[in-house]
There are 2 protein chains.
Amino acid sequence: VLGTGIVGRTIAVALADLQHEVVIGTRDVAATLGRSSPPMGDWLAEQPRLRLVAYEHTAGCDLFVNATNGAGSLAALGAVGPGLSGRIVLDIANPLDFGRGFPPTLLVKDDDSLGEQLQRAFPAAKVVKTLNTVTAAVMVAPHLLPGPSTIFLSGDDADAKAVVRGILGSFGWIDILDLGGIDTARGTEMYLPLWIRTMQALGTPVFNVAVLR
Amino acid sequence: VLGTGIVGRTIAVALADLQHEVVIGTRDVAATLGRSSPPMGDWLAEQPRLRLVAYEHTAGCDLFVNATNGAGSLAALGAVGPGLSGRIVLDIANPLDFGRGFPPTLLVKDDDSLGEQLQRAFPAAKVVKTLNTVTAAVMVAPHLLPGPSTIFLSGDDADAKAVVRGILGSFGWIDILDLGGIDTARGTEMYLPLWIRTMQALGTPVFNVAVLR
């Protein structure tokens, strides 16, 4: 799991709960452990199943979860390096620019997406975009909502999508909507402006859409 | 109702069914009547309750529905002119660029929206963005879907939003989610790339999202 924010931590714990062997990757282990907000060292001390390692020491993992800040995802995966080759990258990141305050704006228009940028930059990896349309708590516990809601899937590799579909199922997702190739990540990434405003209107990030058809 | 495409026609018929007095506005009446695809003259002949008039002859209407092509909306409302003053503009249009093929891309990024552009261009009008997240058939018949789904509302004028809320209710909408000011149209307009890809994945435009919370 690349990324030590709330998304990375939530996914890492959920995968460990499902008996996966999980390491959390970060750019600079010492800097991450020393970070006080949120206090990573204290949190990690309570998670004996999880190890924190530098990105370049994640080589050998079967599957990578990109839970980094969207603006830093290319650099993070670049630091992992050749270890990505042939591996699945479950990409949760959103290309949001928080530099101009809240609400953030997108770093891409709908003629590209972060998912495609990652796939282009690391052609030997199998990028599957999913989970980027819900808050961390809902990603691993869709039953928090009062009925089955929809999670979207985008990726070029059918086998990789089947593996990710299995992980989603183990989190409790039932309505998994395969949109097609990684270019369809344009759809779910561009949904973020609506997600943000819905969150503001509802006063909670704990919601999701169910696609009724 | 400004616009003679499938959205304009569907809304016009639905409003007439609800006993509203409806005129359809177009740029050039003769050209519109002569259009063969779709055959407007034949269709209109079967709609005795609806009159087709030039945009500038819609003055006096209480409420305007912008069902024009998003790329032509500013020009269409400009042709209506001073008649917009103090009036509600129920804006359904999406700023889509079909010039580069399918799927279309957006004419705005998420730092602006067509709804805001219209409100800025016609400050004496009260622009309310809604219905732009569903296909025409669903706009006026949300019961086509197997459960209550969500329709979004954006606008700066609370009274105008209350009127539009009433119209939505008369179409059968129950879950009407007020996102806030007209700037929140950025959310619903930027949802179009996901709408398009969901439509492609499902093989039908007859769907909508229900916001579960």
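None of the values given here were measured: they were computed from a predicted structure. (Residues numbered from 1 in each chain as written. Chains lettered and ligands numbered in written order. Predicted model: local features only at pLDDT ≥ 70, side-chain atom pairs only at ≥ 80, totals over all residues. Heavy atoms only, no water.)

1. Focus: the packing of helix H4 (residues 73-80) of chain B against helix H5 (residues 114-121) of chain B
Residues and elements named next belong to chain B.
For step 1, the next point in the chain: Where H4 meets H5, the closest approach of the two axes is 10 Å, and the angle between their N-to-C directions is 30°. With respect to each other, H4 and H5 are oriented roughly parallel. Pair H4 / H5 crosses with right-handed handedness. Side by side, H4 and H5 meet where Ser73, Leu74 and Leu77 of the first sit next to Leu114, Gln117, Leu118 and Ala121 of the second. (Axes fitted to C-alpha atoms, helices over the stretch in contact; angles between N-to-C directions. Helix = DSSP H or I, 4+ residues; strand = E, 2+ residues; numbered from the N terminus. Parallel < 35°, antiparallel > 145°, perpendicular 65-115°, else oblique. Left-handed = near helix turned anticlockwise from the far one by under 90°. Contact = heavy atoms within 4.5 Å.)

2. Quick word on the relation of the copies chain B and chain A
For step 1, the next point in the chain: After a rotation of 180° and a shift along the axis of 0.0 Å, chain B superposes on chain A with an RMSD of 0.0 Å. The relationship between the two copies is best expressed as a two-fold rotation axis.
For step 2, the next point in the chain: Interface overlap between copies: 100% of the residues of chain B at the interface are likewise at the interface in chain A, consistent with a symmetric, same-surface contact. (Least-squares fit on C-alpha atoms with pLDDT ≥ 70 in both.)

3. Points about the side chain of A:Thr32
For step 1, the next point in the chain: For A:Thr32, the position within the fold is in helix H2 (residues 29-34).
For step 2, the next point in the chain: Once residues within four sequence positions are removed from consideration, A:Thr32 is found in contact with A:Thr4, A:Thr26, A:Met40 and A:Leu52.

4. Considerations on helix H1 (residues 6-17) of chain B
Residue and element names in this part refer to chain B.
For step 1, the next point in the chain: With twelve residues, H1 extends 16 Å from end C-alpha to end C-alpha; this agrees with the ideal 16 Å at 1.5 Å per step.
For step 2, the next point in the chain: Buried residues of H1: Gly8, Arg9, Thr10, Ile11, Ala12, Ala14, Leu15 and Ala16, and no others.
For step 3, the next point in the chain: On its buried face, H1 is in contact with strand S1 (23-26), helix H3 (40-45), strand S3 (63-66), helix H6 (136-139) and helix H7 (158-171). (Expected span 1.5 Å × (residues − 1). Buried < 20%, exposed > 50% of the residue type's maximum accessible area, 1.4 Å probe, protein only.)

5. A word on the pairing of strand S8 (residues 150-155) of chain B
Residue and element names in this part refer to chain B.
For step 1, the next point in the chain: Extensive coverage of S8 is indicated by the burial of six of its six residues.
For step 2, the next point in the chain: As defined by bridge partners, strand S7 (residues 126-130) adjoins S8 across three bridges and the pair is classed as antiparallel. When the sheet's bridge partners are listed, Thr130 is paired in S8 with Leu153.
For step 3, the next point in the chain: Bridge count between S8 and strand S9 (residues 175-180): five bridges; the pairing is parallel. Note on S9: the bridge partner recorded for Phe152 is Leu177.
For step 4, the next point in the chain: Assessed by its sense of winding, the connection that carries the chain from S8 through H7 to S9 is right-handed. (Pairing = 2+ DSSP bridges. Right-handed = clockwise from strand over helix to strand, strands pointing away.)

6. Considerations on the sheet that holds S9(B)
Residue and element names in this part refer to chain B.
For step 1, the next point in the chain: On the basis of which strands lie adjacent, the open sheet formed by five strands has the order S3-S4-S7-S8-S9 and mixed pairing. The open sheet terminates on both sides in strands that have one partner only, identified here as S3 and S9. Direction aside, neighbouring strands of the sheet carry axes that sit 25° apart on average.
For step 2, the next point in the chain: With respect to the sheet, H7 is in contact with S3, strand S4 (88-91), S7, S8 and S9, its orientation differing from that of S8 by roughly 160°.

7. Describing the pattern of salt bridges
Residues and elements named next belong to chain A.
For step 1, the next point in the chain: Scanning the entire structure with this criterion turns up 16 salt bridges over all chains.
For step 2, the next point in the chain: The residue Lys129 makes a salt bridge to Glu189 at a minimum N-O spacing of 2.7 Å. Taken together, the residues span a long stretch of sequence, with Lys129 in strand S7 (residues 126-130) and Glu189 in helix H8 (residues 185-190) at a distance of 60 residues. Each member of the pair, Lys129 together with Glu189, is buried. (Salt bridge = Lys/Arg side-chain N within 4 Å of Asp/Glu carboxyl O.)

8. A few points about the environment of B:Ile6
For step 1, the next point in the chain: Looking at where B:Ile6 falls in the secondary structure, it is placed in helix H1.
For step 2, the next point in the chain: Distance from B:Ile6 to B:Thr135, taken between C-alpha atoms, is 9.5 Å for residues 129 residues apart in sequence.

9. As for the nonpolar core
For step 1, the next point in the chain: Grouped together as the largest cluster of nonpolar side chains are 72 residues, with contacts concentrated most on A:Ile11, A:Leu131, B:Ile11 and B:Leu131.
For step 2, the next point in the chain: Once residues lying within four places of it in the same chain are set aside, the contact partners of B:Ile11 are B:Val1, B:Val65, B:Ile92, B:Leu131, B:Met139, B:Val140 and B:Phe171.
For step 3, the next point in the chain: Of all hydrophobic cores here, the second largest spans 29 residues; its members include B:Leu177, B:Leu192, B:Trp195 and B:Phe207. (Core = buried A, V, L, I, M, F, W, Y, C linked by side-chain atoms within 4.5 Å.)

10. A word on the interface of chain B and chain A
For step 1, the next point in the chain: Of the residues lining the interface, 38 residues belong to chain B; the matching set on chain A comes to 38 residues.
For step 2, the next point in the chain: Summed over both partners, the interface of chain B with chain A buries about 3,000 Å², with 70% contributed by carbon and sulfur atoms.
For step 3, the next point in the chain: By the criterion of area lost to chain A, the three top residues of chain B are B:Leu194, B:Arg197 and B:Leu212, representing 22% of everything that side buries.
For step 4, the next point in the chain: For the pair chain B and chain A, the interface holds zero salt bridges.
For step 5, the next point in the chain: The interface formed by chain B and chain A contains seven residue pairs in polar contact (both at pLDDT 80 or more).
For step 6, the next point in the chain: A total of six residues in the side of chain B that touches chain A trace back to one element, the largest contributor, which is helix H9 (residues 192-202) of chain B.
For step 7, the next point in the chain: Grouping the amino acids of the side of chain B that touches chain A by side-chain chemistry returns 21 nonpolar, eight polar and nine charged.
For step 8, the next point in the chain: Both strand S10 (residues 208-212) of chain A and strand S10 (residues 208-212) of chain B contribute to a ladder of five bridges, which runs antiparallel. By the bridge assignment for S10(B), A:Leu212 is matched with B:Asn208. (Buried area = accessible area lost by both parts, 1.4 Å probe. Polar contact = N/O pair within 3.5 Å; in protein donor to acceptor, adjacent residues only side chain to side chain. Nonpolar A, V, L, I, M, F, W, Y, C, P; charged D, E, K, R; others polar.)

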